[in-house]
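Structural characterization, general
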Amino acid sequence: MLLLSHAKRKAKDAGAPIPVVWKSLAAATAHFRRSQVAMVAAAPGVGKSAFTLNLAIRSGAHGIYMSADSDEVTQAIRAAAILTGDRVQDIEAAYKAGKGAKYDKALHEFTRVWFDFDAAPSLSQIEEEVMAYAYMYGRWPELLVLDNLANVFDESGGEGFTVLEATMSFLVDMARKTEAAVVVLHHVVGEAESGDQALKLKDIRGKITKLQTLVLGLAYTETFTPNGRALGVYILKNRSGKASGAGDLYVELEADLDRMLIYDMDGPARGELPPDVWETETEAEGDQERFYHEAL
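Read on for an overview of the structure.

Definitions and cut-offs
- Residues numbered from 1 in each chain as written.
- Predicted model: local features only at pLDDT ≥ 70, side-chain atom pairs only at ≥ 80, totals over all residues.
- Heavy atoms only, no water.
- Buried < 20%, exposed > 50% of the residue type's maximum accessible area, 1.4 Å probe, protein only.
- Helix = DSSP H or I, 4+ residues; strand = E, 2+ residues; numbered from the N terminus.
- Pairing = 2+ DSSP bridges.
- Phe/Tyr/Trp six-rings, centres within 6.5 Å; stacked < 30°, edge-to-face > 60°.

With five of five residues buried, strand S2 (residues 63-67) is to be regarded as a mostly interior element. Direction of pairing for S2 relative to strand S4 (residues 143-147): parallel, over a ladder of five bridges. Its bridge partner lying in S4, Ser-67 is registered against Asp-147.

Set out below in C-alpha cells:
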C-alpha cells in the first residue's frame, strides 16, 4: 500500500507518452503511453503491422516486437524500407541480385528493438522474453508490441473470448509492472473487414475493449493522396483524451506502403531516426546493445 505521492515517485515513467511519430495523432490527444496497453485494430491488409512497425522504429523507443503474424524476411524487408526510404520491391530485387549490403548495414545498425518470430507465443514465453531483456540490459523494455492478439497460444486450453480476455489481463499487468508501453494488434469483424469504412468500437473482434487505455482503428478513407487513399486512424477509446466509440473522431495519414512509410499528411517524415528515449544512457551503455546484437 502506498500514498499517491509515494506511488507517483516510485512509478516515475508511468503514463508518460513515448516520443511522437505522428503529430496529427498527438494533436488529437492520442498517445502511446508507458505502463498502459494500446490496441491497434484493422481488417487484414489495411496496414496495422506497417503502422506499428513505423511506431517501433521511428519513435526511438527500445523494446521487443513479438512478430507472430509476420516472418523474419518480411519484417526485415519492411524495416529496411522504413529505415532507408527505398521501395520494398527494390529491396527485394537487390537481395535477389546479391546487392543487399546497403540494407544489411541499415538493419545491423538498428539495435533498439529485438524481434521474436514464434508463430504462437504463450503468455509464459512473452514473460520470459521480457525477463530476458531485463536481465540483458538491466532495465525493462520501453515498448512491447504483440502482433497479434489472435496468435497467442493459451496454455490452459481455453478458447474464444476467454483466451482474448486472459491475454489482455496479462498484458495490462505486464505494462503496470514494467512501465512499458504495450501495443497489441487485433482484428475487426463484420462489414468492417472491408477495410474501407469508418470503424466503431463495436467492430473490434470479441469486443475486447475494456482493459486498454487506447484503442485505435485503421481503415482507408475517401481522401486521395499521391500514394492512394489516405489511412484513417479512428480514436475509438482514449482515457487520456478525446475519443468516439461511434467512429466520429479520426485523423488521416498518408500511407506509402511501397516504402512501408506512414506519415502525417503535411509531408513525409524521413531522414535520421530520433534520439534514444533512454535519456540517462551513456555511450558505454549504448554500446552494450550493439555488443549483444553482434554477439548473437
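Let us keep going from here.
This paragraph deals with the packing of aromatic side chains. Inspection of the entire model under this criterion finds seven aromatic pairs. Plain terms: the ring middles of Tyr-65 and Phe-115 are 5.2 Å apart, the flat faces sit at 25 degrees to each other, and that makes the pair stacked. Of this pair, Tyr-65 sits in strand S2 while Phe-115 is found in strand S3 (residues 113-116), placing the two residues 50 residues apart along the sequence. Under the relative-accessibility criterion, Tyr-65 is labelled buried at 0%. Residue Phe-115 is classed as partly exposed on the basis of its relative accessible area of 27%. Here Tyr-133 and Tyr-137 contribute two aromatic rings whose centre-to-centre distance is 4.8 Å and whose plane-to-plane angle is 65 degrees, an arrangement assigned as edge-to-face. Here Tyr-133 pairs with Tyr-137, and both are found in helix H7 (residues 123-137), just four residues apart, close to one helical turn. For Tyr-137, a relative accessible area of 7% translates into the label buried. An aromatic cluster is present here, built from Trp-22, Phe-32 and Phe-51 joined pairwise through their rings.

Counting buried positions over the eleven residues of helix H3 (residues 48-58) gives eleven, a clear majority of the element. What H3 keeps buried is the set Lys-48, Ser-49, Ala-50, Phe-51, Thr-52, Leu-53, Asn-54, Leu-55, Ala-56, Ile-57 and Arg-58. Backbone geometry just downstream of H3 places Gly-60 in the positive-phi region, at approximately 85 degrees.

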